Amino acid sequence: FDGQTVYKEVNGEELAVLPRLHSRNLPKFYFGYPTHKGALEFSYERARHDASFFEFPLDVQFNCINVDGRFFFLKHRRFQPHVVLGVAFPWLSVEDGSFSSDQPDAEVGDSSWRGPGLNTEVGLTAFITPQAGVSVGYAYRWMYFSRMRGLDNEVFKLEPSFKETSGNFVVMGFYTFGQKK
C-alpha cells in the first residue's frame, strides 16, 4: 500500500484508493493443537490503523485469519529452533475508500480488499516448563489482494492483483493445556 494508487472499474466509473498504512503493533490471538513434531495453530489478527492517501487521513481496519504449522527441531531440549509455514486470509476495510466517479459530487462509501496470503517464521522457542514457554522469531507474510468490494457491495476482480509484504519480529508467550506431545 503506497498511499498513491487508485483502482478504476473496467468499463465503469467506480474508483477505490489504496492508502498508506502507518506502522502499528498487531495483537494476535492463537488457538493451537500440539502434535508430535510441532503444532497446528489457528489465529486471528485485528487492528485499526491510521492511514493516508496523498496525506489525506483515512481510517483502516486490518483483519486476518491464519492457519499455520509450527515445526520444532531438537524436540528434547529446553531451547528448540522452530519454523512456521501457513496460509493467511487477510482483508482490509477502508472507510470512505470508494467513489462512484472522479466528480466532486460523487457518492462515497467504504471499500474492502481481500485475497490469499502466505505466512512464514523462523525463531527459537524456550520452554520454561514442559507446558509453558516463550517464542521469539522473525515473521514474514506475502499477501496477494485479488478482489475489492466497493459501493453497493459489488465485488470487483483486481487486474492486476497486487502484492503486499510485511516482516516483523515476534514475541509470544504460551501455555499448553493437556500433556505435551
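Residues numbered from 1 in each chain as written. Predicted model: local features only at pLDDT ≥ 70, side-chain atom pairs only at ≥ 80, totals over all residues. Heavy atoms only, no water.

Draft legend 1. Just a nonpolar patch on the surface, in detail. On the surface, Phe71, Phe73, Leu74, Val83, Leu85, Leu118, Val122, Tyr138 and Phe169 cluster together into a nonpolar patch covering about 880 Å² of accessible area. For the nonpolar patch, the elements supplying multiple residues, two or more each, are β7 (79-99) and β9 (117-127). Counting through the fold element by element, Phe73 comes out in the loop between β6 (56-72) and β7. Take Phe73: its relative accessible area is 44%, and that puts it in the partly exposed class. (Patch = residues over 30% accessible without salt bridge, like charges linked within 9 Å, V, L, I, M, F, W, Y side chains within 5 Å. Areas by Shrake-Rupley, 256 points an atom, 1.4 Å probe, with all protein chains shown as cover. Salt bridge = Lys/Arg side-chain N within 4 Å of Asp/Glu carboxyl O. Helix = DSSP H or I, 4+ residues; strand = E, 2+ residues; numbered from the N terminus. Buried < 20%, exposed > 50% of the residue type's maximum accessible area, 1.4 Å probe, protein only.)

Draft legend 2. Examining unusual backbone geometry more closely. Residues other than glycine seldom take positive phi values, yet Asn11 does so here, at roughly 55°. Its location among the elements puts Asn11 in the loop between β1 (5-8) and β2 (15-18). Residues other than glycine seldom take positive phi values, yet Asn153 does so here, at roughly 55°.

Draft legend 3. Structural context of the nonpolar core. Within the largest apolar cluster, 20 residues are counted, with the highest numbers of intra-cluster contacts made by Trp113, Leu158 and Phe162. Put simply, the parts of the chain that give this core at least two residues each are β2, β5 (38-53), β6, β7, β10 (132-149) and β11 (155-175). The dominant element in this core, judged by the number of residues it contributes, is β6, at four residues. If near-sequence neighbours (up to four positions away) are discounted, Leu158 is found in contact with Tyr7, Trp113, Phe145, Ser146, Arg147 and Met148. (Core = buried A, V, L, I, M, F, W, Y, C linked by side-chain atoms within 4.5 Å. Contact = heavy atoms within 4.5 Å.)

Draft legend 4. Examining the pattern of salt bridges more closely. Per the stated rule, a full pass over the model turns up three salt bridges. Residues Arg70 and Glu41 are paired through a salt bridge, measuring 2.7 Å at the closest nitrogen-oxygen approach. Placement of the pair is Arg70 in strand β6 and Glu41 in strand β5, with a sequence separation of 29 residues. Glu121 serves as the salt-bridge partner of Arg70, at 3.5 Å between the closest nitrogen and oxygen.

Draft legend 5. Main features of the environment of Glu95. One can find Glu95 in strand β7. Note on Glu95: relative accessible area 39%, which makes it partly exposed. Measuring from C-alpha to C-alpha, the distance between Glu95 and Asn153 comes to 14 Å, with 58 residues separating the pair along the chain. When residues no more than four places from it in sequence are discounted, the contact partners of Glu95 are Leu58, Asp59 and Asp110.

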